[in-house]
Amino acid sequence: MTKWEKPGIAFDIGTTTIVGSLVDLNSCKGEKTAFLPNPQMKWGRDVLSRITATVNNPEALKSLRQAAADACNEIIGNLTRPEDVQFITIAGNSTMEHLLLGISPALLAKVPYKPAFKEAKKIRAAAIGLIVNPEAYIYTFPLIGGFIGGDTVAGILSTEIHKRKRYCLLIDIGTNNETALGSENAIFATSTAAGPAFEGGSIKYGMIAKHGAIQGVEIENDKLILDVIGNTTPEGICGSGIIDSIAKLLNVGIIDKSGRIKTRNEIEGNLANRIIEEGAGNAFLLYKDAKREITITQNDVREIQLAKGAIQAGIKLLLKKAQIAPFDIDRIFIAGAFGSNIKKESLAQIGILEKEWLDKVTFVGDAALDGAKLALCSEEKQKEAECIAMQTKHISLSGSQHFQKEFLKGMEFPKH
């Protein structure tokens, strides 16, 4: 018998990772958490690839739904006895919730990018292939609109930016970036396709944040000091590591403002020996042994520039919509897969954050999962989530010339 008398499971269904947390429904306590890579990645690393798969082949929708359900079932089995589970809450982006519920996300693939549904759903867990107590229900978070889904609603619920007197930002840095700007007066939210770079995807030696991943870099007296998860031999580099590396390379002048990795001749000192000059753009050597080498390539830098340019532009448009300036922001909550491992100084160095915001930043880890836990134990929190979804103004960036202009400006790294 599980140690919980009445267990429930809260899920954050991410594009790259699915995370589940066991909670005792009586006490609302429990920190046992498990995660798996989202098996839907074999249909594509981003949501548009998976939507396209369902449009091209209607049978793919069943396969994608089953893949997500199988991963959830495995997580449930890792956390508790499945037959004991009484209730499940699920927060995911718009595409993930469509796919898990077996609802075609085809409308999200074409203008005006509207989801097939927006309301919260409460249905039997068995209806979507979850193998738990036959009487168990699931609750899926409501969607805001477009690509802004239940995970953003859950993040707002957990950070309570909708209850604050002054505007606060919630920035969820992942494959599909969502940013919300909220106060007790109004909530605005937008979504930008940041791509998988911040989670180690589309990076040559990228990997998820696990043992062997470089998660941080220090450069002291021309020497590189690597922070590797598990203090073991480096195997690759995760999202926080790629951000930190690029920030440090900008700081010492190896990468210029345009994002170009300089040639050996342009660099003074021993760090020049780490530059590998290649036809397709230079690379910087982080680690080498008899078995492998790990580099930051020119393409890696470009991937981060694309991702951060999109996030930066999204933030600027939200501030414009709310008619406020950067200094009006009271607090910034950073959510995302890399949790608190990334340094806020590095986010400012590459331009995602304004330097004046540094003392206002709080890392909140998986805010969507925290929101899903709140809704697991409280019908009031479920109703609050539904109010948040209805009140939030969805700012679509599709076809926005202002966004394109800010995006292009945001591609460059800031002057320091």
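A brief look at the structure comes next.

Quick notes on the rules
- Residues numbered from 1 in each chain as written.
- Predicted model: local features only at pLDDT ≥ 70, side-chain atom pairs only at ≥ 80, totals over all residues.
- Heavy atoms only, no water.
- Axes fitted to C-alpha atoms, helices over the stretch in contact; angles between N-to-C directions.
- Helix = DSSP H or I, 4+ residues; strand = E, 2+ residues; numbered from the N terminus.
- Left-handed = near helix turned anticlockwise from the far one by under 90°.
- Contact = heavy atoms within 4.5 Å.
- Nonpolar A, V, L, I, M, F, W, Y, C, P; charged D, E, K, R; others polar.
- Core = buried A, V, L, I, M, F, W, Y, C linked by side-chain atoms within 4.5 Å.
- Buried < 20%, exposed > 50% of the residue type's maximum accessible area, 1.4 Å probe, protein only.
- Pairing = 2+ DSSP bridges.
- Disulfide = S-S within 2.5 Å.

1. What about the packing of helix H4 (residues 150-159) against helix H9 (residues 379-391)?
Two quantities define a packed helix pair, namely the angle between the helix axes and the distance between the axes.
Inference 1: Between H4 and H9, the least distance of the axes is 9 Å, while the angle of their chain directions is 115 degrees. The handedness of the crossing between H4 and H9 comes out as right-handed. Each of Val153, Ile156 and Leu157 in H4 lies in contact with H9, whose residues at this interface are Lys381, Glu384, Ala385, Ile388 and Ala389.
Inference 2: In terms of residue class, the contact of H4 with H9 is made up of 6 nonpolar, no polar and 2 charged.

2. A look at the nonpolar core
The nonpolar side chains of a soluble globular protein tend to be buried with one another.
Inference 1: Counting 62 residues, the largest nonpolar core has Ile246 and Leu353 as the members making the most contacts within it.
Inference 2: Here this core takes 11 residues from helix H6 (residues 298-322), the largest share from any one element.
Inference 3: Beyond its immediate sequence surroundings of up to four residues, isoleucine 246 is in contact with Ile255, Ile296, Asp300, Val301, Ile304, Ile350 and Phe413.
Inference 4: Within the second largest apolar cluster, 35 residues are counted, among which are Ile18, Ala68, Leu108 and Leu143.

3. Thoughts on the sheet that holds strand E6 (residues 137-140)
Inference 1: In spatial order, the strands read E3-E2-E1-E4-E6-E5; together these 6 strands make up an open sheet with mixed pairing. Each having just a single partner strand, strand E3 (29-37) and strand E5 (121-124) make up the two edges of the open sheet. Taking the axes of each pair of neighbouring strands and ignoring which way they run, one obtains an average angle of 20 degrees across the sheet.
Inference 2: Judged from the 4 bridges that link them, E5 and E6 form a sheet pairing that is antiparallel. From the neighbouring strand, lysine 121 faces E6, where its bridge partner is threonine 140.
Inference 3: Along the sheet, H4 makes contact with strand E1 (7-13) and strand E4 (87-92), crossing E4 at roughly 105 degrees.
Inference 4: Lying on the sheet, helix H8 (residues 367-377) is in contact with E1, strand E2 (17-24), E3 and E4; it crosses E1 at an angle near 150 degrees.

4. Notes on the state of the cysteines
Inference 1: Counted according to the given criterion, the structure contains 1 disulfide.
Inference 2: The disulfide that involves cysteine 28 links it to cysteine 377, with 2.2 Å between the sulfurs. Residue cysteine 28 is located in the loop between E2 and E3, and its partner cysteine 377 is located in helix H8; the two are separated by 349 residues in the primary sequence.
Inference 3: Among the residues examined, cysteine 28 registers a relative accessible area of 40% and is labelled partly exposed.
Inference 4: Here cysteine 168 is not disulfide-linked; the sulfur of cysteine 387 is the nearest cysteine sulfur, at 20 Å.

5. Brief notes about the environment of alanine 67
Inference 1: One can find alanine 67 in helix H2 (residues 59-79).
Inference 2: The sequence separation of alanine 67 and leucine 100 amounts to 33 residues, and the corresponding C-alpha distance is 8.7 Å.
Inference 3: Residue contacts for alanine 67: discarding those within four places in its chain leaves Pro39, Gln40 and Trp43.

6. Brief notes about unusual backbone geometry
Inference 1: Following valine 111, the chain continues to proline 112 via a peptide bond in cis, the omega torsion being 10 degrees.
Inference 2: With respect to the helices, strands and loops of the structure, proline 112 is situated in the loop between helix H3 (94-101) and E5.
Inference 3: Phi is positive for asparagine 231, which is not a glycine, with a value near 50 degrees.
Inference 4: As for its placement among the helices and strands, asparagine 231 is situated in the loop between strand E11 (223-228) and strand E12 (236-237).
Inference 5: Residue class for asparagine 231 comes out exposed when judged on its relative accessible area of 75%.

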